[in-house]
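Residue-level structure breakdown
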Amino acid sequence: MKSKGNTNSNYDYNLKYLLFISMISALGGLLFGYDWVVIGGAKPFYERFFEISYLPSLQGWAMSSALIGCIAGAIVAGKITEHFGRKKPLALAAFLFIISALGTGLVNNFNLFIVFRIIGGVGIGLASTISPMYIAEVSPSGYRGRLVSLNQLAIVIGILAAQIVNYLIADVVDENATDQIILNSWNGQIGWRWMFWAELVPATAFFVLIFKIPESPRWLSKKGKKILSTKILSSIGGVNYAERIQDEINKTINTTNTKIGFSELLKGKNKRFISLGIVLAFLQQWCGINVVFNYAEEVFTGAGYGVSDSLFNIILTGVVNLVFTLVAIKVIDNWGRKRLWLIGSVGLGVLYILIGLFYYFEMKGIILVLLVVVAIAIYALTLAPVFWVLASEVFPNKIRGSVMSITTTALWVACFLLTYTFPIINKTMGTHGTFWLYCFVCFLCFLFVKYKIPETKNKSLEEIEDLF
């Protein structure tokens, strides 16, 4: 009889199979990252093509319209994952990415451009909710942190891929070129379209490969398909593993009442889990890392780098993001989720104090650049992967799809509010005050996780459910 605290060596895990199905699911994260960032490289060209270069409201609408789709996709993700499982909605997300990439590059009308950006946003909302949840539900406890972190790694790779594709596709533009010259150039007519069309390659691969993975055994058990669930678990860890995990799943799921209405989610312990997810989402976004990314180009310019080097410098931040995400995958199951979150909160808070001081005393240069790069590294190592791991594993089997949907929706709402309020806060408090405000949020991050979140490493999803 094996104890609940089983180590990885106690079962005959098929790690190649686990990695295969996790990487396919994580392609949703890659497309999330690519679709989210590619528009930045295309921005100087499609703005001139659609004649919105001097219309700030339409410029902002073009950049943020995908967020509307993100929120919508995250909202519906819970409903469709509970009804259709995890696999079919992932296929839907892949299909939406294909439609968005193709359409965004084809259109000559700005309103249609926005429509296809929103469609891509729905794909992001679905993928950002379902991909980490699916990986968590098929992963053994000792590997779950690393495997779910593959989703964050895929997001980072997608971001870096978009940065590199934009860099490679765009022809060099003379800094003194007029709007008309840029509009009539290859970039202004065709180049920006290929930046979006390049997404068709991973999107099509995702759509084809998604049919190679099994359905989530947790969802199958909720629907009373325990024989099929056990068969999939056997493929992952052998017969003994399948029997133990299936037994734990059976104890946490009442298959005679699997439908949970919205009113039920707001009662008792369910309400606690919703609050937990929403707070984690807001804290992770309001730790201010998007401000760091927003200021990266300005910091590099202030340090003496020319404008022509900005794309390369942005790629540098993407490489740092990638390297430290790889480090996170290596350590997250050993160090634990809680410890990494606490380290990240403290580390970012200290860096924000220092960055705020640099801005307060109007000091720029290579040291400020290093502080920004280190902040990106800390975020990639800690809060970025840990959020997705925690969000995918702390909610009970019975309501995981619904609460994960609410949590991801909260994440995108928090992202929108952060983006919207940043200019206002920056103007009111100054750049130094803005960073110090986000330092305070990092302090709240530390306290909330320290006192409200138990360590979840090396525990099955059912054991984690027992902790609450």
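Residues numbered from 1 in each chain as written. Predicted model: local features only at pLDDT ≥ 70, side-chain atom pairs only at ≥ 80, totals over all residues. Heavy atoms only, no water.

Along the backbone of the protein there are 19 helices and 0 strands. Split into buried and exposed, the 468 residues of the protein put 58% on the buried side. Contacts spanning at least 24 positions in sequence make up 83% of the contacts within the protein whose residues lie at least 6 apart. For the protein, the accessible surface area stands at approximately 19500 Å², while carbon and sulfur atoms represent 67% of it. (Helix = DSSP H or I, 4+ residues; strand = E, 2+ residues; numbered from the N terminus. Buried < 20%, exposed > 50% of the residue type's maximum accessible area, 1.4 Å probe, protein only. Contact = heavy atoms within 4.5 Å. Areas by Shrake-Rupley, 256 points an atom, 1.4 Å probe, with all protein chains shown as cover.)

In this section: the packing of aromatic side chains. Enumeration over the complete set of coordinates arrives at 25 aromatic pairs. Ring centres 5.9 Å apart and planes at 80° place the aromatic pair F113 and F196 in the edge-to-face group. Of this pair, F113 sits in helix α4 (residues 110-138) while F196 sits in helix α7 (residues 186-197); the two residues are 83 residues apart in sequence, bridging distant segments of the chain. Aromatic pair Y360 and F361: ring centres 5.0 Å apart, planes at 90°, arrangement edge-to-face. Positioned over the ring face of F49 is R193, at 4.9 Å from the centre of the ring. The side chain of K450 reaches across the aromatic face of Y451, ending 5.8 Å from its centre. (Phe/Tyr/Trp six-rings, centres within 6.5 Å; stacked < 30°, edge-to-face > 60°. Lys NZ or Arg CZ within 6 Å of the ring centre and 35° of its normal.)

The tally for this structure, following the rule as stated, stands at 11 salt bridges. In this structure, D35 engages R117 in a salt bridge whose closest nitrogen and oxygen atoms are separated by 3.3 Å. One end of the pair, D35, is in helix α1 (residues 15-49); the other, R117, is in helix α4, with 82 residues separating them in the sequence. The exposure class assigned to D35 is buried, which follows from its relative accessible area of 1%. Overall, the relative accessible area of 1% leaves R117 in the buried class. Its salt-bridge partner being E82, residue R86 comes within 3.9 Å of it at the nearest N-O pair. The burial state of R86 is the same as that of E82; both residues are buried. (Salt bridge = Lys/Arg side-chain N within 4 Å of Asp/Glu carboxyl O.)

Before going further, it helps to spend a moment on the nonpolar core. Ranked by internal contacts, the top residues of the largest apolar core, which has 147 residues, are F113 and Y352. Looking at this core, the element that brings in the most residues is helix α18 (residues 400-452), giving 18 residues. Contacts of Y352, omitting those with residues within four sequence positions, involve C287, G288, I289, V292, F435, W436, Y438, C439 and C442. (Core = buried A, V, L, I, M, F, W, Y, C linked by side-chain atoms within 4.5 Å.)

So, on to the confidence of the model for the protein. Per-residue pLDDT for the protein has a mean of 85; in total, 89% of the residues score no lower than 70. Within the model, the stretch residues 1-7 combines pLDDT values under 50 with 8 contacts to residues more than four positions away or in other chains. (pLDDT = per-residue confidence, 0-100.)

The subject of this paragraph is helix α15 (residues 337-360). The α-helix advances 3.6 residues per turn, and as a result positions three or four apart in sequence lie on the same side. Its 24 residues place the ends of α15 34 Å apart at the C-alpha level, agreeing with the 34 Å of an ideal helix rising 1.5 Å per residue. Positive backbone phi, at 55°, marks E362, one or two positions downstream of α15. (Expected span 1.5 Å × (residues − 1).)

Further remarks concern the state of the cysteines. Any covalent bond linking the sulfur atoms of two cysteines counts as a disulfide. Overall, the coordinates contain 0 disulfides when judged by the stated rule. Here C442 is not disulfide-linked; the sulfur of C287 is the nearest cysteine sulfur, at 5.4 Å. Left without a disulfide partner, C445 is nearest to the cysteine sulfur of C442, which lies 5.8 Å away. Classification of C445 by relative accessible area gives buried; the value is 0%. (Disulfide = S-S within 2.5 Å.)

The residue T434 is located in helix α18 in this model. Taking the relative accessible area as the measure of exposure, T434 reaches 1% and is therefore buried. Each C-alpha atom of the pair T434 and I424 lies 9.9 Å from the other, and the pair is 10 residues apart in sequence. Leave out the neighbours within four places in its chain, and T434 touches F422, I425, N426 and M429.

As for its placement among the helices and strands, T456 is situated in the loop between α18 and α19 (461-467). What makes T456 buried here is its relative accessible area of 0%. Here R337 takes part through its side chain, which lies 3.3 Å from a polar atom of the side chain of T456. Beyond its immediate chain neighbours, meaning those up to four positions away, T456 contacts R144, R337, L390, E393, V394 and I464. (Polar contact = N/O pair within 3.5 Å; in protein donor to acceptor, adjacent residues only side chain to side chain.)

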